[in-house]
Amino acid sequence: MQLPVFLLILRLLFIVLLYLFLMQVVIAITRDLRKTAAQADDSEGGRVAQALGHLIVVDSGPSTIVQPGMRFDLSQQTTIGRGPTNTIQISDNFISSEHTRLWFRNGVWYVQDAGSVNGSFVNNQPAREPIPARAGDIVRVGYIQFKLTQ
């Protein structure tokens, strides 16, 4: 095989791989947009759940995204993170794509880290496993501290 033919084959292979990569990017973006649109339809379709509790920012740490006093509503199952599918989206560099999960069962809130880099804590106790939390407890997500209220 001559060098010009070999180079042509390499170029064609590179172009095919580039198009496959771009196709995967488009598929991932489309999937995220559909998931976000489905969540928006659920919340606008009259099926808005009443807030079972609230997280109030006590200390925003180095974040400029949230300010002390900001209030976030909690539903039966709430996720906190940077990603578009989270119930509470916080676009802070210290927050992972999906950072923390909170859920309400039998009158008790449970907090668990979702495998984040900077961790989730309840009253400075790491929440690697589900930890029960009560009204007044401090929930820390990354460097942001929230007070859990009913």
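All figures in this text were calculated on a predicted structure; none of them were measured in a lab.

Q: Explain the UniProt feature "domain: FHA" (unreviewed entry) in the chain to me, using residue names and the numbers behind them.
A: Within the UniProt annotation, "domain: FHA" (unreviewed entry) is assigned to residues 78-127. Taken end to end, residues 78-127 is 0% helix and 46% strand, and its first and last C-alpha atoms sit 15 Å apart.

Q: Go over the nonpolar core, please, and point to the residues and values.
A: Leu55, Ile90 and Phe146 are the most contacted members of the largest nonpolar core, which has 22 residues in total. When contributions to this core are tallied by element, the ones reaching two or more residues are strand S1 (53-59), strand S2 (71-74), strand S5 (100-105), strand S6 (108-113), strand S9 (131-133), strand S10 (138-141) and strand S11 (144-149). Beyond its immediate stretch of four places on either side in the chain, Phe146 contacts Leu55, Ile56, Val57, Val58, Phe72, Ile90, Asp137, Ile138, Val139 and Val141.

Q: Lay out the domain arrangement of the chain in plain terms, naming residues and giving numbers.
A: Much of the literature gives interface size as the accessible area that the parts lose upon coming together. Each assigned domain of the chain is listed here: domain 1 (1-46) and domain 2 (53-149). Placing a centre on the C-alpha atoms of domain 1 and another on those of domain 2 gives a separation of 33 Å.

Q: Please provide a residue-by-residue account of the environment of Asp92, values included.
A: Within the secondary structure, Asp92 is located in the loop between strand S4 (88-89) and S5. Looking at Asp92, the relative accessible area reads 8%, which means it is buried. Sequence separation of Asp92 and Gly142 is 50 residues, and the distance between their C-alpha atoms is 9.2 Å. For Asp92, the residues in contact, after removing those within four places along its chain, are Ser63, Ile65 and Arg82. Among the polar contacts made by the side chain of Asp92, one reaches the side chain of Ser63 at a distance of 3.0 Å.

The rules behind each value
- Residues numbered from 1 in each chain as written.
- Predicted model: local features only at pLDDT ≥ 70, side-chain atom pairs only at ≥ 80, totals over all residues.
- Heavy atoms only, no water.
- UniProt positions renumbered as here; feature names shortened; annotations may be inferred.
- Helix = DSSP H or I, 4+ residues; strand = E, 2+ residues; numbered from the N terminus.
- Core = buried A, V, L, I, M, F, W, Y, C linked by side-chain atoms within 4.5 Å.
- Buried < 20%, exposed > 50% of the residue type's maximum accessible area, 1.4 Å probe, protein only.
- Contact = heavy atoms within 4.5 Å.
- Domains from an automatic or database assignment.
- Polar contact = N/O pair within 3.5 Å; in protein donor to acceptor, adjacent residues only side chain to side chain.

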